[in-house]
Amino acid sequence: MNIISNKIDEIFLLPFAEKDLFLSRFERFEAKKGAIVVNAEKIERYVYFIEKGIARAFRETVKGETTIWFGEAGGVMLSFLSFFKNQPGYESIEVLEDSILYRISSNRLQELYNQYLPIANWGRKFAEQELLLAEQRFMDLQFKTASERYQDLMLHSPTILQRVQLGHIASYLGITQVSLSRIRAATK
């Protein structure tokens with residue numbers, strides 16, 4: 001649970017007692033490669049932290065699946081619509097490797113937010129961080145070329161390129177696999 005502990009600290013340093021309490025509320029959850037941990041169109045009741053493995057969020061479209069997010073060890077997986085609005089989410093989250101996850105129920109997390117100000121502040125900082133990441137993703141898709149987005153992925157998440165199928169990477173970049181092959185060839 002070291003990776004999860006470090007991720008919590010990275011988001012916002014909690015006093016020892018609150019961090020210990022927070023971590024004690026997590027339960028270990030193992031998922032096999034290909035397992036869908038969060039299902040689209042269902043209300044998800046848990047927030048997951050990735051201890052080991054890799055995952056992707058995707059949405060089904062008429063053209064197939066569109067990958068919208070990747071998460072590695074230390075990443076947090078949840079349906080924001082389920083968590084904030086108690087409504088079915090629009091994305092599914094699949095683990096791409098056998099994974100060790102830690103999860104906490106949304107209700108339990110909300111209780112901690114209500115009872116412990118430092119944990120509520122942690123939640124606020126987490127939400128801010130996720131909002132900034134979503135804004136960056138939106139800006140990248142709007143204003144960067146596919147080649148620039150690929151270069152960013154190489155720089156910031158090189159293990160994704162080594163561990164994830166090219167089809168998922170192409171989908172995430174908003175391009176075809178053929179275009180991804182051309183970009184990869186041009187960067188060698």
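Summary of the structure given here.

**Digging into the overall build of the protein**
Thought 1: Counting its regular elements, the protein contains nine helices and eight strands.
Thought 2: Scaling as 2.2 N^0.38, a compact globule of 188 residues should have a C-alpha radius of gyration of about 16 Å, and the protein matches this with 17 Å.
Thought 3: Principal-axis analysis of the C-alpha atoms places the extent of the protein at approximately 55 × 30 × 30 Å.
Thought 4: Taking contacts inside the protein between residues at least 6 apart in sequence as the whole, the part at least 24 apart equals 70%.
Thought 5: Computed over 24 positive and 23 negative side-chain charges, the separation of the two mean positions in the protein equals 4 Å.

**Structural notes on the packing of helix 6 (residues 146-156) against helix 8 (residues 166-173)**
Thought 1: For the pair helix 6 and helix 8, interaxial distance at closest approach is 10 Å and the crossing angle is 120°. Of the possible angle classes, the one that applies to helix 6 and helix 8 is oblique. In the crossing of helix 6 with helix 8, the sense of the turn from one axis to the other is right-handed. Between helix 6 and helix 8, the residues in contact are Arg149, Tyr150 and Leu153 and Ile169, Tyr172 and Leu173, respectively.
Thought 2: By residue class, the composition of the contact of helix 6 with helix 8 is five nonpolar, no polar and one charged.

**Here we look at the side chain of Arg103**
Thought 1: Mapped onto the fold, Arg103 is located in strand 8 (residues 99-105).
Thought 2: For Arg103, a relative accessible area of 15% translates into the label buried.
Thought 3: When residues no more than four places from it in sequence are discounted, the contact partners of Arg103 are Arg25, Phe26, Glu27, Phe29, Tyr46, Val47 and Tyr48.

**Some points on the pattern of salt bridges**
Thought 1: Here the structure, examined in full by the defined rule, presents 12 salt bridges.
Thought 2: Across the salt bridge formed by Glu94 and Arg56, the nearest N and O atoms sit 2.9 Å from each other. Highlighted residues: Glu94 in strand 7 (residues 92-95) and Arg56 in strand 4 (residues 55-61), separated in sequence by 38 residues. The pair Glu94 / Arg56 is uniform in exposure class, with both members buried.
Thought 3: The residue Lys144 makes a salt bridge to Asp140 at a minimum N-O spacing of 3.6 Å.
Thought 4: The class for Asp140 is buried, based on a relative accessible area of 14%.
Thought 5: When salt bridges that share partners are traced, they join Arg56, Glu65 and Glu94 into one network.

**Re the sheet that holds strand 8**
Thought 1: Reading across from one edge, 1-8-3-6 is the order of the four strands in this open sheet, with antiparallel pairing throughout. Of all strands in the sheet, those with a lone pairing partner are strand 1 (27-31) and strand 6 (76-77), marking the two edges.
Thought 2: In this sheet, strand 8 lies alongside strand 3 (residues 46-52) in antiparallel orientation, the contact comprising six bridges. Considered in strand 8, the bridge of Phe49 is made with Tyr102.
Thought 3: Across the sheet, helix 1 (residues 2-11) touches strand 3, strand 6 and strand 8, and the angle it forms with strand 3 is around 120°.

**Focus on helix 6**
Thought 1: Every buried residue of helix 6 is accounted for by Ala146, Arg149, Tyr150 and Leu153. For helix 6, the angular spread of the buried residues around the axis is 100°, confining them to a single face. In helix 6, the exposed residues that point more than 90 degrees away from the buried face are Leu155 and His156.
Thought 2: Where helix 6 is buried, its residues touch helix 5 (117-143), helix 7 (158-163), helix 8 and helix 9 (177-187).

**A closer look at the nonpolar core**
Thought 1: One finds Ile8, Phe22, Phe26, Val47, Phe49 and Trp122 to be the most contacted residues of the largest nonpolar core, which totals 22 residues.
Thought 2: Elements with a minimum of two residues in this core: helix 1, helix 2 (16-24), strand 3, strand 8, helix 4 (106-115) and helix 5.
Thought 3: Setting aside anything within four residues of it in sequence, one finds Trp122 in contact with Ile8, Ile11, Phe12, Leu14, Phe22, Phe49 and Tyr113.
Thought 4: In this structure, Ile54, Tyr172, Leu173 and Ile183 belong to the second largest nonpolar core, which totals 16 residues.

**Focus: a nonpolar patch on the surface**
Thought 1: A cluster of nonpolar side chains, contributed by Phe138, Met139 and Phe143, occupies part of the molecular surface with about 350 Å² of accessible area.
Thought 2: Mapped onto the elements of the fold, Phe138 is located in helix 5.

Rules used in this analysis
Residues numbered from 1 in each chain as written. Predicted model: local features only at pLDDT ≥ 70, side-chain atom pairs only at ≥ 80, totals over all residues. Heavy atoms only, no water. Helix = DSSP H or I, 4+ residues; strand = E, 2+ residues; numbered from the N terminus. Rg over C-alpha atoms; globule rule 2.2 N^0.38 Å. Contact = heavy atoms within 4.5 Å. Lys, Arg positive; Asp, Glu negative; His and termini not counted. Charge placed at Lys NZ, Arg CZ, Asp CG, Glu CD. Axes fitted to C-alpha atoms, helices over the stretch in contact; angles between N-to-C directions. Parallel < 35°, antiparallel > 145°, perpendicular 65-115°, else oblique. Left-handed = near helix turned anticlockwise from the far one by under 90°. Nonpolar A, V, L, I, M, F, W, Y, C, P; charged D, E, K, R; others polar. Buried < 20%, exposed > 50% of the residue type's maximum accessible area, 1.4 Å probe, protein only. Salt bridge = Lys/Arg side-chain N within 4 Å of Asp/Glu carboxyl O. Pairing = 2+ DSSP bridges. Arc of directions from axis to C-beta. Core = buried A, V, L, I, M, F, W, Y, C linked by side-chain atoms within 4.5 Å. Patch = residues over 30% accessible without salt bridge, like charges linked within 9 Å, V, L, I, M, F, W, Y side chains within 5 Å. Areas by Shrake-Rupley, 256 points an atom, 1.4 Å probe, with all protein chains shown as cover.

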